[in-house]
Amino acid sequence: MTDDDRILIRRAGPLRGEVTIPGAKNSVLKLMAATLLADGEFTLTNVPDIADVGIMAELLAAIGVESRFEGHGRLTMVNRGGIRPVAPYELVERIRASINVLGPLLGRFGKVSLSLPGGDDFGSRPIDMHLKGLEAMGATFELRHGVVEATADRLHGADITLEFPSVGATENILTAAVHAKGATVIDNAAREPEISDLCHFLVAMGAHIEGIGTSTLRIEGVEPGELHATQHAVVPDRIQAATYLAAVAVSGGEVVLRGARGDHMDMLLRRFHDMGLTVTAMGAGADASLAVWAQGRLRSIDVATLPYPGIATDYKPLIVTMLSVADGVGIVTENLYPGRFRYVEELQRLGADIRADGHHAVVRGVPQLSGAPVKAPDIRAGAALVVAGLAAEGETSVAGVHHIDRGYDDLVGRLAALGADIERVTPGRASA
Ligand code: EPU
């Protein structure tokens, strides 16, 4: 694999079969950071085989927690207690979730040096809410030469109302609060399933958290040293699941998504239903799955992204792709990020009729896209371009595959197993 890899897609017939949905990137990275909270050996299962897990493992190794990949989605992490609370720039700039070491390190050790985080390039993504929340708990911050120097004697509980239910701010305040003196209440907390997953992990470590899954979390701090290592299965990835739903939506067919949690995708499934997709949720918890059936042309809808339980911004490139070939006109409104429509130009290269301006895109469905070379600008948009390739006659070649590798566990192999005509090629090497 190289940075020049491409994914080649040609339109094929309907997709059929079963696909297993891996664990969620946006949970596992946070669980990994939370291993800083206690000494001992942690085991995570249902861990996706994605590049960001490797980067997070490198970052934690630099701080003092070792990771061992055991295969079959099993990751063992050992915290021997020799923690150095410094997150170096070379690693932090590669992944936004590196910011998640702030809460655990500050709460447990009272000191952190953290370079400002990088990650996807779609508009400015400040961390003011993280810092304000932690300041209310007694932390002080100084920004010097691009490094946030955080200190606190011992954090104390506080009542914190977030201006916006930020995922990262909720996580950092939560993982700091488990070691604070007294109770912390986070109001207007984010309530994504990945946040609940983190809460369950922390509770299994011995933390006291009430209100899991709601927008008010109450955390009663424990003494540093009272938390212990644990085992945990990562929640299935609702964004990867949505990607396979979108693939079936534009290709037609009948597919079962093993592990996909319909209860975590409720709003999206309702809107997909409005577009003409038949999705049936089966089983519950670890035995959950979704069956999807699609035939004929999709219908257009209007969609606005919102924090959970609304339609996630990470679904949006997939929805825009589906609308590109749907019957009618759809208006898509982005409420989370400024300027997250960069992939629109790439979809236009495939013949999509989209006008994006500020927070809105107007998508006029066309009967068929036509294959062309395109470039993935970020993880989710990259996956959406692959889905678009399934709907395009001729060949679509997607570059920037390293973005897709950050969050997708063998997207190409999984789609090929469902009957898609797709392959990954490394320039200069025979295709495989
Ligand atoms: N924001 C602030 N100040 C803050 C924090 C956030 O202004 O202190 C703003 C952000 O700039 C953004 C909005 O609030 O406009 C939402 O940010 P949030 O903190 O909720 O997002 P995040 O924690 O940075 C996570 C996911 C994203 C996903 C968002 C929204 C991870 C590692 N990232 O980011 O996922 O889009 O929540 O659901 O969990 C992806 O996986 O491809 C991805 C980008």
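Residues numbered from 1 in each chain as written. Predicted model: local features only at pLDDT ≥ 70, side-chain atom pairs only at ≥ 80, totals over all residues. Heavy atoms only, no water.

Here the focus is the nonpolar core. In terms of nonpolar packing, the biggest core is built from 76 residues, with Leu257 and Leu415 touching the most fellow members. The element contributing the most residues to this core is helix α8 (residues 238-251), with 10 residues. In terms of nonpolar packing, the next biggest core, distinct from the first, is built from 73 residues, Val112, Ile127, Leu131 and Ile160 among them. (Core = buried A, V, L, I, M, F, W, Y, C linked by side-chain atoms within 4.5 Å. Buried < 20%, exposed > 50% of the residue type's maximum accessible area, 1.4 Å probe, protein only. Helix = DSSP H or I, 4+ residues; strand = E, 2+ residues; numbered from the N terminus.)

Sheet architecture is open: four strands sit in the order β2-β15-β17-β16, paired in mixed fashion. Each edge of the open sheet is held by one strand with a lone partner, namely β2 (15-20) and β16 (278-282). Between one strand and the next, the sheet's axes are offset by a mean angle of 10°, whatever the strand orientation. As judged from the six bridges shared by strand β15 (residues 253-258) and strand β17 (residues 289-294), these two strands associate in the antiparallel manner. The residue bridging Gly253 from the neighbouring strand is Ala294, located in β17. (Pairing = 2+ DSSP bridges. Axes fitted to C-alpha atoms, helices over the stretch in contact; angles between N-to-C directions.)

Turning our attention to the side chain of Lys25. Here Lys25 shows up in helix α1 (residues 25-34). Those residues within four positions of Lys25 in sequence are excluded, and the remaining contacts are Pro48, Ile50, Asp52, Asp237, Ile379, Arg380, Arg406 and Gly407. (Contact = heavy atoms within 4.5 Å.)

Here we come to the site of the ligand. Lining the immediate environment of the ligand, one finds 25 residues, of which Lys30, Asp128, Met129, Ser166 and Leu336 sit closest. Residue Pro126 places a main-chain N or O atom 3.4 Å away from a nitrogen atom belonging to the ligand. Within the side chain of Tyr337, an N or O atom sits 3.0 Å from an oxygen atom of the ligand. Per-class residue counts for the shell around the ligand are 10 nonpolar, six polar and nine charged. When we break the shell around the ligand down by domain, the ones giving at least three residues each are domain 1 (6-22 + 237-425) and domain 2 (25-233). (Near = heavy atom within 4 Å. Polar contact = N/O pair within 3.5 Å; in protein donor to acceptor, adjacent residues only side chain to side chain. Nonpolar A, V, L, I, M, F, W, Y, C, P; charged D, E, K, R; others polar. Domains from an automatic or database assignment.)

Another aspect to go through is the pairing of β16. As paired elements, β16 and β17 share five bridges and run antiparallel to each other. Considered in β17, the bridge of Val279 is made with Val292. As consecutive antiparallel partners, β16 and β17 are separated by six residues, and within that stretch Gly283 has a phi angle of approximately 65°, a positive value.

With that settled, the discussion passes to the sheet that holds strand β20 (residues 353-357). With mixed pairing, the four strands of this open sheet are ordered in space as β18-β19-β21-β20. In the strand order of this sheet, the two ends are held by β18 (303-304) and β20, each with one partner. Examined bridge by bridge, strand β19 (residues 329-333) and strand β21 (residues 360-364) share five bridges and lie antiparallel to one another. When the sheet's bridge partners are listed, Val329 is paired in β21 with Arg364.

Time to look at the packing of α1 against helix α2 (residues 51-63). In the contact formed by α1 and α2, the axes pass within 10 Å of each other and the chain directions differ by 10°. In this view, α1 runs roughly parallel relative to α2, as classed from their interaxial angle. For the crossing formed where α1 meets α2, the hand is right-handed. Contact residues: Lys25, Val28, Leu29, Met32 and Ala33 in α1; Asp52, Val53, Met56, Ala57 and Leu60 in α2. Classifying every residue of the contact of α1 with α2 gives eight nonpolar, no polar and two charged. (Parallel < 35°, antiparallel > 145°, perpendicular 65-115°, else oblique. Left-handed = near helix turned anticlockwise from the far one by under 90°.)

Moving on, we come to helix α10 (residues 316-324). Of all nine residues in α10, nine are buried; the element is thus mostly enclosed. All of the buried residues along α10 are Lys316, Pro317, Leu318, Ile319, Val320, Thr321, Met322, Leu323 and Ser324.

The next subject is the domain arrangement of the protein chain. The figure often quoted for interface size is the accessible area lost as the parts come together. Taken as a whole, the protein chain is organised into domain 1 (6-22 + 237-425) and domain 2 (25-233). A C-alpha centroid distance of 30 Å is found between domain 1 and domain 2. Each partner contributes to the roughly 1900 Å² buried at the junction of domain 1 and domain 2, and carbon and sulfur atoms together form 51% of this total. Counting the surface domain 1 buries against domain 2, the share from its top three residues, Tyr308, Tyr337 and Arg406, is 32%. Taken together, the connections running from domain 1 to domain 2 amount to two salt bridges. With a shortest N-O distance of 2.8 Å, Arg238 and Glu194 are connected by a salt bridge. Across the domain 1-domain 2 interface, the total number found is six residue pairs in polar contact (both at pLDDT 80 or more). Contributions of two or more residues to the side of domain 1 that touches domain 2 are made by α12 (379-390) and α13 (401-407). For the side of domain 1 that touches domain 2, the residue count by class is 10 nonpolar, three polar and 10 charged. (Buried area = accessible area lost by both parts, 1.4 Å probe. Salt bridge = Lys/Arg side-chain N within 4 Å of Asp/Glu carboxyl O.)

The subject of this paragraph is unusual backbone geometry. In this structure, the amide linkage connecting Tyr308 to the following residue, Pro309, adopts the cis form with an omega of 10°. Turning to its location among the elements, Pro309 is positioned in the loop between β18 and α10. Unusually for a residue other than glycine, His145 sits at a positive phi of about 50°. Note on His145: relative accessible area 81%, which makes it exposed.

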